[in-house]
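Each chain, written out:
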Amino acid sequence: MDFQSLCRVIFVSALISLVCQSCSVTADDIVQGDDLAPKKPGCENDFVLVKVQTWVNGIEDAEFVGVGARFGTTIVSKEKNANQRRLILSDPRDCCSHPKNKLANDVIMVDRGNCKFTTKANNAQAAHASAVLIVNNQKELYKMVCEPDETDLDIHIPAVMLPQDAGASLEKMLTSYSSVSVQLYSPRRPLVDIAEVFLWLMAVGTILCASYWSAWSAREAAIEQDKLLKDALDEISDTRHVGSGGILDINTTSAVLFVVVASCFLVMLYKLMSYWFVELLVVLFCIGGAEGLQTCLVALLSRWFKRAGESYIKVPFFGALSYLTLAVSPFCIAFAVVWAVYHNVSFAWIGQDILGIALIITVLQIVHVPNLKVARGDKSGEDGIPMLLKIPRMFDPWGGYSIIGFGDILLPGLLIAFSLRYDLLANKTLRAGYFLWAMIAYGLGLLITYVALNLMDGHGQPALLYIVPFTLGTFLTLGRKRGDLRVLWTRGEPERPCPHIQLEHQHSEELNDEK
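Residues numbered from 1 in each chain as written. Predicted model: local features only at pLDDT ≥ 70, side-chain atom pairs only at ≥ 80, totals over all residues. Heavy atoms only, no water.

Asker: An account of the overall build of the protein is needed here, citing residue identities and associated values.
Answerer: Across its full length, the protein holds 15 helices and 15 strands. Out of the 515 residues belonging to the protein, those deemed buried represent 44%. (Helix = DSSP H or I, 4+ residues; strand = E, 2+ residues; numbered from the N terminus. Buried < 20%, exposed > 50% of the residue type's maximum accessible area, 1.4 Å probe, protein only.)

Asker: How would you sum up the pairing of strand 6 (residues 131-135)? Please name residues and give values.
Answerer: Of all five residues in strand 6, five are buried; the element is thus mostly enclosed. By the alternation rule, side chains of strand 6 split into Ala131, Leu133 and Val135 and Val132 and Ile134, which are all buried. Where strand 6 meets strand 8 (residues 159-162), four bridges bridge the pair, whose relative direction is parallel. Residue pairing for strand 8: Ile134 is matched across the bridge by Met161. (Pairing = 2+ DSSP bridges.)

Asker: Lay out the pattern of salt bridges with the relevant residues and their values.
Answerer: One pass over the structure, following the stated rule, counts six salt bridges. Residue Lys51 pairs with Glu63 through a salt bridge whose shortest N-O separation is 3.9 Å. On the criterion of sequence distance, the pair formed by Lys51 in strand 2 (residues 49-56) and Glu63 in strand 3 (residues 59-68) is long-range, its members being twelve residues apart. For Lys51, a relative accessible area of 10% corresponds to the buried category. (Salt bridge = Lys/Arg side-chain N within 4 Å of Asp/Glu carboxyl O.)

Asker: Now, about the state of the cysteines: what can you tell me, with residues and values included?
Answerer: Here a disulfide denotes a covalent bond joining the sulfur atom of one cysteine to the sulfur atom of another. Here the structure, examined in full by the defined rule, presents two disulfides. Between the sulfur atoms of Cys43 and its disulfide partner Cys146 the distance amounts to 2.0 Å. Classification of the bridge connecting Cys43 and Cys146 rests on its S-S torsion, roughly 105°, and on that basis the disulfide is right-handed. Placement of the pair is Cys43 in the loop between strand 1 (30-31) and strand 2 and Cys146 in the loop between strand 7 (141-142) and strand 8, with a sequence separation of 103 residues. The exposure classification of Cys43 matches that of Cys146, with both residues buried. Between the sulfur atoms of Cys96 and its disulfide mate Cys115 the distance is 2.1 Å. Taking the sign of the torsion about the S-S bond as the criterion, the disulfide between Cys96 and Cys115, at about -90°, is left-handed. Taken together, the positions of Cys96 in the loop between strand 4 (84-89) and strand 5 (107-111) and Cys115 in the loop between strand 5 and helix 2 (117-126) put the pair 19 residues apart, joining distant regions of the chain. What makes Cys96 partly exposed here is its relative accessible area of 24%. When the bonded cysteines of the protein are counted from the start of the sequence, the pairing works out to 1-4, 2-3. (Disulfide = S-S within 2.5 Å.)

Asker: Go over the confidence of the model for the protein with me, naming the residues and quoting the values.
Answerer: Reading fine detail from the predicted coordinates is not recommended where pLDDT is low. Per-residue confidence for the protein averages 77 on the pLDDT scale, and 74% of its residues sit at or above 70. A low-confidence stretch, residues 233-245 stays under pLDDT 50, and its non-local contacts, those more than four residues away or across chains, total twelve contacts. Low pLDDT (under 50) marks residues 376-383, which in the prediction has 17 contacts with non-local residues, meaning those over four places away or in another chain. (pLDDT = per-residue confidence, 0-100. Contact = heavy atoms within 4.5 Å.)

Asker: Provide a residue-level description of the sheet that holds strand 5, including the pertinent values.
Answerer: Strands sit in the order 2-3-8-6-5-4-9 around a closed barrel of seven strands; the barrel is mixed. When strand polarity is set aside, the average angle formed by the axes of neighbouring strands in this sheet is 40°. As paired elements, strand 3 and strand 8 share two bridges and run antiparallel to each other. Paired with Val67 across the bridge in strand 8 is Met161. Its contacts with the sheet put helix 3 (residues 164-176) on strand 2, strand 3, strand 4, strand 5, strand 6, strand 8 and strand 9 (180-185), and the angle it makes with strand 3 is roughly 145°. (Axes fitted to C-alpha atoms, helices over the stretch in contact; angles between N-to-C directions.)

Asker: Provide a residue-level description of a nonpolar patch on the surface, including the pertinent values.
Answerer: A contiguous nonpolar patch, built from Ile333, Val337, Val338, Val341, Tyr342, Val345, Phe347, Ile350 and Ile354 and spanning about 820 Å² of accessible area, is present on the exposed surface. Listed by contribution, the elements that provide at least two residues to the nonpolar patch are helix 8 (323-341) and helix 9 (348-366). For the nonpolar patch, the leading source of residues is helix 8, giving four residues. As for its position among the elements, Val338 is in helix 8. On the basis of relative accessibility, which here comes to 48%, the residue Val338 falls in the partly exposed class. (Patch = residues over 30% accessible without salt bridge, like charges linked within 9 Å, V, L, I, M, F, W, Y side chains within 5 Å. Areas by Shrake-Rupley, 256 points an atom, 1.4 Å probe, with all protein chains shown as cover.)

Asker: Go over the nonpolar core with me, naming the residues and quoting the values.
Answerer: Of all hydrophobic cores here, the largest spans 53 residues; its most connected members are Ile404, Ile409 and Tyr442. Counting 26 residues, the second largest nonpolar core, distinct from the first, contains Leu49, Cys95, Ala124 and Met161. (Core = buried A, V, L, I, M, F, W, Y, C linked by side-chain atoms within 4.5 Å.)

Asker: Got a sec to walk through the packing of helix 11 (residues 407-425) against helix 13 (residues 463-482)? Specific residues and values, please.
Answerer: The geometry of helix 11 relative to helix 13 is characterised by a closest axis approach of 10 Å and an angle of 5° between their N-to-C directions. Here helix 11 is positioned roughly parallel relative to helix 13, judged by the angle of their axes. Touching Gly407, Asp408, Leu411, Pro412, Leu415, Ile416, Phe418 and Ser419 of helix 11 are Ala463, Leu464, Ile467, Thr471, Leu472 and Phe475, all from helix 13. Here the contact of helix 11 with helix 13 is built from residues that sort into ten nonpolar, three polar and one charged. (Parallel < 35°, antiparallel > 145°, perpendicular 65-115°, else oblique. Nonpolar A, V, L, I, M, F, W, Y, C, P; charged D, E, K, R; others polar.)

Asker: Describe the environment of Asn114, and please don't skip the residues or the numbers.
Answerer: Note that Asn114 resides in the loop between strand 5 and helix 2. Between the C-alpha atom of Asn114 and that of Cys96, which follows or precedes it by 18 residues, the distance is 7.0 Å. Contacts of Asn114, omitting those with residues within four sequence positions, involve Asp94 and Cys96. Engagement of the side chain of Asn114 in a polar contact is seen with the side chain of Asp94, the distance being 3.0 Å. (Polar contact = N/O pair within 3.5 Å; in protein donor to acceptor, adjacent residues only side chain to side chain.)

Asker: I'd love a proper account of helix 2, names of residues and values included.
Answerer: For helix 2, the buried fraction is high: seven of the ten residues fall into the buried class. Within the span of helix 2, buried status applies to Phe117, Thr118, Lys120, Ala121, Asn122, Asn123 and Ala124. Following helix 2 by one or two positions, His128 has its phi on the positive side, about 70°.

Here it is as structure tokens:
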């Protein structure tokens, strides 16, 4: 491997590790704190997110999100059935003894600590509170459970845990205004949101487009190679790279190097995660996205503007560029810059998805898995990191996004693109080849990921845990059944007779016919 190839491997390895961050969907930072507290009578509620809508002096104000306790009455799911109640700050603040406040079906807000959650709820209920809001001493939410020896569980008011910052905001309202009231309700999430359907279609469609582009390029390269050999250009010393400029085949050495570089990059990512590092990732994503968008647009437009795509001009530092590339590049750069400036606004997901899809397609076009021996070795939160596709949840009262990490598309996409290249070079039909079944397996694996996500109440699911067994397992099983596994594992492409030998055989047959 020469120095130039080594630099390309390092660059592409860093790029792949950048876009292959696995994302898990979580439900609003709820800490898992109930492993040792099973359900029992009086303490058997399901944990649900609760909306706390506020009114200040009769005017609707901020909304906060909490989590309902294992004990107490269940919270209504429809806003129209929820009553507005006056909010009172407990005295004493921890509510570990009977409150001194005079309550008349009011909601009481207390601080966490100094006694059990159920003790606070019982004291609030005895003081005629209609609900109790317990403010956590940390920024995240915590699931309130019952201790194993709890017996005083005859609690008939709802209890809700609020994060620390929400409690501070409510306390500021109570000290600044004469009247603060709240409304508690817990809307149900839809079983399936249409955003997940669109995200599934985006992931499958991205791999489909990238695979056909990669296979078309490989077939063009093979045709060019055969044409040159038929023209008797024997001075070509290595025919494997004819017409494959810009393509990086991942061999064993580069695969090992990829693991090392990607591992180092991931350690940097998790150790140095901060605001400035996230902004650096946004800049890197914009550079990669602009390059990917330019590559895709040039390839698409060159079919209509062939002359501009084949006419080149030398540009300092960049070398020879086509006129079409020069025309498209300013638009792509401007698109990426505008997204970077506005990447925190609500509609920025559109630009992020466009740049992300273009980047993934370009990487799948540049990087080729040569055989299954290399393919089997790959392993791979939102949190402001842009390396994911996302769509807003359309019918979810809690809002948020359905997301999928780039790695959940890119890594299986390398294998699927390889399958289509093999099928075209082997002249296999769609049904007799591997691409169709690999695509179906990927779609099913991703579908099961979303099913598991919904069955587990939104807890993060590593998509590759489901996708890899489906996709790679299907490929290996079919290859073994059809007798192609050895070729797929080692060569990665079917045997093709050299055109020189074909010409010699044709010439010999012609001579024999003349005799």
